[in-house]
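Residue-level listing of the chains:
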Amino acid sequence: MSPLIIAIDGPAASGKSTVSRKLAERLGYVHVESGAVYRALTWQLIRDGLAGAAAETIVRHLSKVTLHFFMEHGRLRFTVNAADPEPAIRSLAVQEFVSAVAAIPEARAWVNGHLRGLRRFGNLVMEGRDIGTVVFPQATFKFYLDAEPQERARRRQREQQFSSQDLTASAEVERALLRRDESDQSRPTAPLALAPGAYRIETTHLSVEDVIERILAIISSGRNVCV
Ligand code: DC
């Protein structure tokens, strides 16, 4: 039987990471944060001195980047050129450059090949920007989480305080988020968009638990859109 896939897309800091991780735990599925793969590729490019390099140079370099995925204590982890990319992939340096990398069609195809291969680990909750539109258009359920920019900036700032000291001023966090939204939504290849048949959930005034309950209610009602 082919694995079940739940696609969760949405803009930065829309709550998709926390919701996806907890949803995967509740369902016993493997959680995949596709943004981490874009970030890890970007981190490797920075380490190889290719931050800001021309797209053709980056495309030529893809064959020199090796990802290895594995399960550890029930969680999916991966290395990039044998190194653990966490927590470096959360740094401001990576954040600033990742949208440019994610706009390169060949880089997207390279990431997508890796993401599709993850079905070998079983049922997946995969979060990102184009999971329901491009990576798994045949996903069993598709959700699109959104929230107002100010609320997303607040959420991102709370995360940053735990994971990095790079961004502190809230106005700067909001500006950086909006810049990234703009770039993710306007790129010609696989822009962030509501997938056909996806359920859109506005999370500004909802807790993580509320969002999960809504998703679980839709899943248990069996109103899947694509199969
Ligand atoms: O979800 P995130 O903020 O960690 O994503 C990092 C970047 O990767 C973001 O600029 C958008 C891009 N991305 C993408 O283009 N497609 C995905 N499926 C996931 C992330």
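Treat the numbers as computed from the prediction; the structure is a model and nothing was measured.

**Q** Outline the site of the ligand, supporting the account with residue identities and numerical values.
**A** Near the ligand you find 16 residues, and of these Arg39, Arg108, Arg129, Asp130 and Arg187 are the closest. Here a nitrogen atom of the ligand sits 3.0 Å away from a polar atom, N or O, in the side chain of Ser34. Asp130 places a side-chain nitrogen or oxygen 2.8 Å from a nitrogen atom of the ligand. Those elements that place two or more of their residues in the shell around the ligand are α2 (34-47), α4 (92-102) and α8 (170-186). Considering each element in turn, the shell around the ligand owes the most residues, four residues, to α2.

**Q** Would you mind going over the packing of aromatic side chains in detail, with residue names and values included?
**A** Applying the stated criterion to the full structure yields three aromatic pairs. Among the aromatic residues, ring-to-ring pairing joins Phe141, Phe143 and Tyr199 into one connected group.

**Q** Talk me through the packing of α4 against α8; I want residue IDs and the actual numbers.
**A** Between two packed helices, both the angle of their axes relative to each other and the distance between the axes serve to describe the pair. Running from amino to carboxyl end, α4 crosses α8 at an angle of 15 degrees, the nearest separation of the two axes being 9 Å. Relative to α8, the element α4 is oriented roughly parallel. For the element pair α4 and α8, the recorded crossing hand is left-handed. Of α8, the residues touching α4 (which contributes Gln95, Glu96, Val98 and Ser99) are Arg179, Arg180, Ser183 and Asp184. For the contact of α4 with α8, the residue count by class is one nonpolar, three polar and four charged.

What counts, and where the lines are drawn
- Residues numbered from 1 in each chain as written.
- Predicted model: local features only at pLDDT ≥ 70, side-chain atom pairs only at ≥ 80, totals over all residues.
- Heavy atoms only, no water.
- Near = heavy atom within 4 Å.
- Polar contact = N/O pair within 3.5 Å; in protein donor to acceptor, adjacent residues only side chain to side chain.
- Helix = DSSP H or I, 4+ residues; strand = E, 2+ residues; numbered from the N terminus.
- Phe/Tyr/Trp six-rings, centres within 6.5 Å; stacked < 30°, edge-to-face > 60°.
- Axes fitted to C-alpha atoms, helices over the stretch in contact; angles between N-to-C directions.
- Parallel < 35°, antiparallel > 145°, perpendicular 65-115°, else oblique.
- Left-handed = near helix turned anticlockwise from the far one by under 90°.
- Contact = heavy atoms within 4.5 Å.
- Nonpolar A, V, L, I, M, F, W, Y, C, P; charged D, E, K, R; others polar.

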